[in-house]
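Close look at the chain arrangement
For reference, the chains in residue letters:
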Amino acid sequence: DTAVSQTPKYLVTQMGNDKSIKCEQNLGHDTMYWYKQDSKKFLKIMFSYNNKELIINETVPNRFSPKSPDKAHLNLHINSLELGDSAVYFCASSQVQGGRNSPLHFGNGTRLTVT
Amino acid sequence: DAKTTQPNSMESNEEEPVHLPCNHSTISGTDYIHWYRQLPSQGPEYVIHGLTSNVNNRMASLAIAEDRKSSTLILHRATLRDAAVYYCILHGGYQKVTFGTGTKLQVIP
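Conventions used here
- Residues numbered from 1 in each chain as written.
- Chains lettered and ligands numbered in written order.
- Predicted model: local features only at pLDDT ≥ 70, side-chain atom pairs only at ≥ 80, totals over all residues.
- Heavy atoms only, no water.
- Helix = DSSP H or I, 4+ residues; strand = E, 2+ residues; numbered from the N terminus.
- Rg over C-alpha atoms; globule rule 2.2 N^0.38 Å.
- Buried < 20%, exposed > 50% of the residue type's maximum accessible area, 1.4 Å probe, protein only.
- Contact = heavy atoms within 4.5 Å.
- Areas by Shrake-Rupley, 256 points an atom, 1.4 Å probe, with all protein chains shown as cover.
- Lys, Arg positive; Asp, Glu negative; His and termini not counted.
- Charge placed at Lys NZ, Arg CZ, Asp CG, Glu CD.
- Core = buried A, V, L, I, M, F, W, Y, C linked by side-chain atoms within 4.5 Å.
- Salt bridge = Lys/Arg side-chain N within 4 Å of Asp/Glu carboxyl O.
- Polar contact = N/O pair within 3.5 Å; in protein donor to acceptor, adjacent residues only side chain to side chain.
- Nonpolar A, V, L, I, M, F, W, Y, C, P; charged D, E, K, R; others polar.
- Pairing = 2+ DSSP bridges.
- Axes fitted to C-alpha atoms, helices over the stretch in contact; angles between N-to-C directions.

Each helix and strand in chain A was counted, giving 0 helices and 11 strands. For chain A, the sequential pattern of α-helices and β-strands runs β-β-β-β-β-β-β-β-β-β-β. The globule rule puts the C-alpha radius of gyration for 115 residues at 13 Å, and the 13 Å found for chain A is close to it. In terms of principal-axis extent, the alpha carbons of chain A reach across some 40 × 30 × 30 Å. By residue count, 45% of the 115 residues in chain A fall in the buried class. Pairs at least 24 residues apart make up 54% of the contacts formed inside chain A by residues separated by at least 6 positions. Here chain A has roughly 5700 Å² of accessible surface; of this, 46% comes from carbon and sulfur atoms. Side-chain charges in chain A split into 13 positive and 10 negative, and the spacing between the mean points of these groups amounts to 5 Å.

A separate point is the nonpolar core. Ranked by size, the top nonpolar core spans 21 residues in total, and within it Leu20, Ile33, Trp35, Leu73, Leu75, Tyr86 and Leu105 of chain B carry the most contacts. Counting residues per element, the ones that place at least two in this core are strand S2 (18-23), strand S3 (32-38), strand S4 (45-50), strand S6 (61-64), strand S7 (70-75), strand S8 (84-91) and strand S9 (103-108) of chain B. Ranked by residues supplied to this core, first place goes to S8 of chain B with 4 residues. Membership of the second largest hydrophobic core comes to 20 residues, among which are Leu76, Ile78, Tyr89 and Leu112 of chain A.

All right, on to the interface of chain B and chain A then. Contacts between the two partners involve 21 residues from chain B, matched on the other side by 21 residues from chain A. Here chain B and chain A share 0 salt bridges between them. Where chain B touches chain A, the interface holds 4 residue pairs in polar contact (both at pLDDT 80 or more). Where the side of chain B that touches chain A is concerned, the elements lending two or more residues are S3, S4 and S8 of chain B. In terms of residues, the side of chain B that touches chain A owes the most to one element, S3 of chain B, which gives 4 residues. Along the lines of polarity and charge, the residues of the side of chain B that touches chain A split into 8 nonpolar, 12 polar and 1 charged.

Residues and elements named next belong to chain A. Across the sheet, which stays open at both edges, the 4 strands sit in the order S1-S3-S8-S7 with antiparallel pairing between neighbours. Lying at the two open borders of the sheet, with one neighbouring strand each, are strand S1 (4-7) and strand S7 (64-70). Taken over all neighbouring pairs, the strand axes of this sheet differ in orientation by 20 degrees on average, direction set aside. Relative to strand S3 (residues 19-25), S1 runs antiparallel, the two sharing 4 bridges. Looking at the pairing, Gln6 lines up with Cys23 of S3.

Let us look at the environment of Asn56 of chain B. Residues and elements named next belong to chain B. Considering the arrangement of structural elements, one finds Asn56 in strand S5 (residues 55-56). Separated by 26 residues in sequence, Asn56 and Asp82 place their C-alpha atoms 17 Å apart. Within polar-contact distance, the side chain of Asn56 engages the side chain of Ser61 at 2.5 Å.

This part covers the side chain of Gln6 of chain A. Residues and elements named next belong to chain A. One can find Gln6 in strand S1. There is a polar contact of 2.8 Å between the side chain of Gln6 and the backbone oxygen of Tyr89. In this structure the side chain of Gln6 is engaged in a polar contact, spanning 3.0 Å, whose partner is the backbone nitrogen of Cys91.

Here is the structure:
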């Protein structure tokens, strides 16, 4: 069983469209995250949720709206897509909110290409 | 956020040990040192973490300097499957975990 799974793996769309990426973890973790990895391979946190509550929002444009229907799922909806949104988006989870002793478990990413 | 500094790239021969260094001179007393690696087209994968004492697991060993301002990830016998970007990060808790640029490890057959 995949611990953290994201769908779709690839997403190609045009500017101005709205798209969603889904993430599910079966590890029983309390905290989930969205990270963005740009073309230079920098990995930056976007959001963190703990038990369906937003904990961290790293100055991400309002066009990005995470939604957590339950603690095992954290979906990312993006409105009015722009060229600069092209990147690989990773979902992650950890057992304990803010736990320094708690490793992150990542999905395999969704490569978003905006044309 | 406390920062880490790693070499951009390293090479190792297959089946030889690899020592990947990381400097973190501004580490705070409560920061844990975590290592992740990212294989091509995959998400980062947890490798190991520690606070003060050296740590061993099935993947690697982590050697932490006495003053905690540096650490070294040790792969005991590099294989081709270990070729990846290795990230050393500091986890201060209840906060974002920030990844730097990492070290790209090339394993030569």
